[in-house]
Amino acid sequence: MITIIGASGATGSALLRRLIELEVPCRAVSRTPGHLRATIGTNTPVEIVGADAADPQTLRDAFEGSTQLFLAMANSPRQAELETNVMDAAAQCGVRHVVKLSAPAAEPASPVAISRSHWRVEEHLAKTEMTATLLRPYAFMQKLLLNAPAIAEGVLIGAMREAPCNYIDVRDIADVAAETLLRPSLAGATYTLTGPQAFSHPELARLLGG
């Protein structure tokens, strides 16, 4: 049984769809299970359960009978705390393998708070007895759609200046996640995931405005 924490997010939902296509038993965990059920439909074999990463008991209930975990929670100031809760509950319930969505620059001295949070979670995971597979994608291509209203007005919002950024489709990330969950030979490694090309914001502006 594969349990997905973050099943309503961009990458988690893409993985959920992929596992459904492959007819793999999986359990989708959400704070709002009713909303998730409405999103994926009722004619799927997915087990949907409600749990809150701030409530260890609900997490332990969600992990009952699970052997693997895919973890992809939304970025937030409490991300390290909440993801650590998830891992502790998973370890207590006998989960043997964790596939964690992380970041390429997950380092203790990173100037980016999100990257420091990912590093803290990775360090905690390394201290457990669970096998850890780390997926480190750059920016999600789907996030560009969040800029659509501004782009329609001729504006591309961002704080990267001339720095290039590599964008990757979340469906590609989900495919990699599925492979690491289903092929034991791929477990336990760190994978940096990229798209075919990096773009700076000025380059994106020229492409999108062309």
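Residues numbered from 1 in each chain as written. Predicted model: local features only at pLDDT ≥ 70, side-chain atom pairs only at ≥ 80, totals over all residues. Heavy atoms only, no water.

1. A closer look at the sheet that holds strand β8 (residues 165-168)
Picture the strands of a sheet paired through backbone hydrogen bonds; they go either parallel or antiparallel. Overall, mixed pairing links the 3 strands, which are arranged β7-β8-β10 in an open sheet. The open sheet terminates on both sides in strands that have one partner only, identified here as β7 (139-140) and β10 (198-199). In terms of strand pairing, β7 meets β8 through 2 bridges, oriented parallel. Each residue of the ladder has a partner; that of F140, found in β8, is I168. (Pairing = 2+ DSSP bridges. Helix = DSSP H or I, 4+ residues; strand = E, 2+ residues; numbered from the N terminus.)

2. Re the sheet that holds strand β6 (residues 131-137)
Pairing within the open sheet is parallel, and its 7 strands lie in the order β3-β2-β1-β4-β5-β6-β9. The sheet is open, and its two borders are formed by β3 (47-50) and β9 (190-193), each paired with just one other strand. Averaged over neighbouring strand pairs, the angle between their axes works out to 20 degrees when direction is ignored. As paired elements, strand β5 (residues 97-101) and β6 share 5 bridges and run parallel to each other. Bridge pairing in β6 links K100 to L134. Where helix α2 (residues 33-40) meets the sheet, it contacts β2 (26-30) and β3, and its direction lies at approximately 155 degrees from that of β3. (Axes fitted to C-alpha atoms, helices over the stretch in contact; angles between N-to-C directions. Contact = heavy atoms within 4.5 Å.)

3. Concerning the environment of I5
Mapped onto the fold, I5 is located in strand β1 (residues 2-5). Separated by 48 residues in sequence, I5 and A53 have C-alpha atoms that sit 9.0 Å apart. With sequence-adjacent residues up to four places away left out, I5 is seen in contact with V29, L59, F63, L69, F70, L71, A72, M73 and V86.

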